[in-house]
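For reference, the chains in residue letters:
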Amino acid sequence: MKPTSILYIVVILFAVHTNYAQIKGYDAEIKTMLSEVKSENLEATVRKLTSFGTRHTLSDTKSTTRGIGAARNWVKSEFDKYALASNGRLTSSIDFFTIKADGKRIATDSQLGNVMATLKGTDATDDRVLIISGHLDSRATDVMDATIDAPGANDDGSGVAAMMELARIMSKREFPFTLIFVAVVGEEQGLYGAKHLADKAKDEKWNVVAMINNDMIGNSLSSGTSIRDNTQVRVFSETIPYLETEAEAKIRKATNRDNDSPSRQLARYIKTVTNQYVAQLDINLVYRNDRFLRGGDHTPFSQNGFTAIRFCEMNENYDHQHQTVRKENNVQYGDLPEFVDFEYMKKVTCSNLATFSNLAWAPKAPTNVGIEVKDLTNFSTLVWNKPEGKPVYGYTILIRETAAPFWEKTLFVKDTRAEIPYSKDNFFFAVQAIDELGHASLPVFPIPIR
Ligand SMILES: [Zn+2]
């Protein structure tokens, strides 16, 4: 071997050694926040929500003890309690809107209201927004019955309770940009509350980084079996984006980006963060927008072009979902609190909190992420621009084989250009910006540059 070749190998080894490292840290503050999630709080919230008898979207709005009106006022009053500990940064509101009779599940024109808590960011120049939701409304067997009991403990008292626990814990901390915690209504009647908010976000051009929907996250016993699984939760994410322009479709087809929608990147991000921060909980990624032929409150956000996913328990129990409370042949039907597994719910809430806080403290995502294609080579060169705003410590390049469902390798680089020893013919890549504590932006899939 010629001396120059040896020198070349030494240089390459040195380069690999100095430029690439694994980021393994965690943020101690996030660990502290996770320790503040209490199953007793989650249970108290779910029981309080069920105490309103029904939270059907079209139920009583005047009573102070029963119906959707009493329920939404209570959620708002809880937000107001959290606001006291937030130095005036958390504000609550009920966002009222009118929905027209639709000839389906809305019989007459009705006024509905989403209950929102908005935590203002500390950096006025950072226009990003994160949204987390659960749905406040409930239903019995007959979706049009607005007076019969519909406790909705799991569907979706669980999602609302998780969202409120995040609002309580996060409002004591500062984040650079706006976080929105929302209990939407009208889900069971046709996703009306979520659609109202998604349309507002689109019309007002909100820079929504991610929308996270929690709908049924507290059941662990599968109906019709004896299977109890409190170690997995599903995260649903769309495959081909609902809203895809012709130009975007062209790039997707050219780059085989069929499994790398922004929502899918968010779903994989949740899996990574959960592995890092939450014990005994696996994220089961389901590569479809929602359950078969179904939709949820994240769907109107997807349809408006936002990055949005749904958390949902691994096992559903149909004895306690959309069922009128009753006993038949000694079987108790109905969505009652005694069937909610609050320790399981706590882990799912922790996964939400770890995800939401990592995203909220992360730098913006790198921009103009590209992959050079002018030369034929077995290496790949990725280039991007440093994002504006919050300082960046470095970037992680995520790598996986084309048939792999999840990212398999992570390289850390400081520069905004990297030549890596992986062929773009055989691997997919994405780039994310990170800060010193390892808070990472959502990964960006590169587009070809010539
Ligand atoms: Zn639901």
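Relevant structure appears above.
All of these numbers come straight from a predicted model, not from anything done at the bench.

A. How the structure looks around the overall build of the protein. Per the secondary structure count, the protein includes 11 helices and 17 strands. A compact globule built from 450 residues should have a C-alpha radius of gyration of about 22 Å, and the protein, at 23 Å, falls within 12% of that. For the protein, the spread of C-alpha atoms along the principal axes amounts to about 85 × 50 × 40 Å. Here the protein holds 450 residues, and 56% of them are scored as buried. For the protein, restricting intrachain contacts to residue pairs at least 6 apart in sequence, the fraction spanning at least 24 positions comes to 75%. Only carbon and sulfur atoms are counted for the fraction: they give 52% of the accessible area of the protein, which is about 19900 Å².

B. Summary view of the sheet that holds strand E15 (residues 417-420). Read across the open sheet, the 4 strands follow the order E15-E12-E11-E17; overall the sheet is mixed. Every other strand in the sheet has two partners, leaving E15 and strand E17 (447-449) as the edge strands with one partner each. Adjacent strand axes in the sheet meet at a mean angle of 30°, parallel and antiparallel pairs treated alike. Relative to E17, strand E11 (residues 367-372) is paired through 3 bridges, and the arrangement is parallel.

C. Highlighting the layout of surface pockets. Here the largest pocket is characterised by a volume of approximately 1000 Å³. In terms of lining, the largest pocket is formed by 38 residues, of which the most central are Arg257, Pro262, Thr307, Pro443 and Val444. Elements with a minimum of two residues in the lining of the largest pocket: strand E5 (207-214), helix H8 (246-255), helix H9 (262-277), E11 and E17. In terms of residue class, the lining of the largest pocket is built from 20 nonpolar, 11 polar and 7 charged.

D. Representation of the sheet that holds strand E8 (residues 308-313) in the model. In spatial order, the strands read E1-E2-E4-E3-E5-E8-E6-E7; together these 8 strands make up an open sheet with mixed pairing. The open sheet has two edge strands with one neighbour each: strand E1 (90-99) and strand E7 (282-286). Going from strand to strand, the sheet's axes swing by 25° on average, the running direction of each strand aside. The pairing of E5 with E8 spans 4 bridges and is classified as parallel. Opposite Asn214, over in E8, you have Phe311 as the bridge partner. Sheet strands in contact with helix H7 (residues 192-203) are E1, strand E2 (110-119), strand E3 (128-135), strand E4 (178-184) and E5, and its direction is about 110° off that of E1.

E. Structural context of helix H4 (residues 68-84). Given a rise of 1.5 Å per residue, 17 residues ought to cover 24 Å, and the 25 Å separating the end C-alpha atoms of H4 matches this to within 8%. When we look at burial in H4, the residues that qualify are Ile68, Gly69, Ala70, Ala71, Arg72, Trp74, Val75, Glu78, Phe79, Tyr82 and Ala83. Packed against the buried residues of H4 are helix H3 (39-50), E1, E2, helix H5 (153-170) and E4.

F. View of empty space enclosed by the protein. One pass over the full model with this rule turns up 1 cavity of 30 Å³ or more. Taken together, Asn154, Asp155, Met216, Asn219, Glu313, Asn317, His320, Gln321, Asp335, Leu336, Phe339 and Val340 make up the lining of the largest cavity. Residue composition of the lining of the largest cavity, grouped by class: 4 nonpolar, 5 polar and 3 charged.

G. Structural detail: the coordination of the zinc ion. Distances from the zinc ion to its protein donors, His135 (NE2), Asp155 (OD), Asp215 (OD) and Asp215 (OD), fall within 2.0 to 2.6 Å. Seen from the zinc ion, its 4 donor atoms lie at angles of 53 to 147°, and the figure they make is irregular. Spacing between the donor residues of the zinc ion along the chain follows H-x19-D-x59-D. A residue pair is termed long-range when its members are at least 10 positions apart, and Asp155 in helix H5 and Asp215 in the loop between E5 and strand E6 (232-237) qualify at 60 residues. Taken as a pair, Asp155 and Asp215 share a single burial class, namely buried.

Calculation rules
Residues numbered from 1 in each chain as written. Predicted model: local features only at pLDDT ≥ 70, side-chain atom pairs only at ≥ 80, totals over all residues. Heavy atoms only, no water. Helix = DSSP H or I, 4+ residues; strand = E, 2+ residues; numbered from the N terminus. Rg over C-alpha atoms; globule rule 2.2 N^0.38 Å. Buried < 20%, exposed > 50% of the residue type's maximum accessible area, 1.4 Å probe, protein only. Contact = heavy atoms within 4.5 Å. Areas by Shrake-Rupley, 256 points an atom, 1.4 Å probe, with all protein chains shown as cover. Pairing = 2+ DSSP bridges. Axes fitted to C-alpha atoms, helices over the stretch in contact; angles between N-to-C directions. 1 Å grid on protein atoms, 1.4 Å probe; cavity = no way out; pocket = protein on both sides within 12 Å on 5 of 7 lines; lining within 4 Å. Points joined across faces, edges and corners; volume = space filled by probe spheres on them. Nonpolar A, V, L, I, M, F, W, Y, C, P; charged D, E, K, R; others polar. Expected span 1.5 Å × (residues − 1). Donors = N, O, S within 2.8 Å, 3.2 Å for Na, K, Ca; no water. Tetrahedral: all angles 85-135°; square planar, octahedral: opposite > 155°, others 65-115°.

The values are spatial; any link to function lies outside them.
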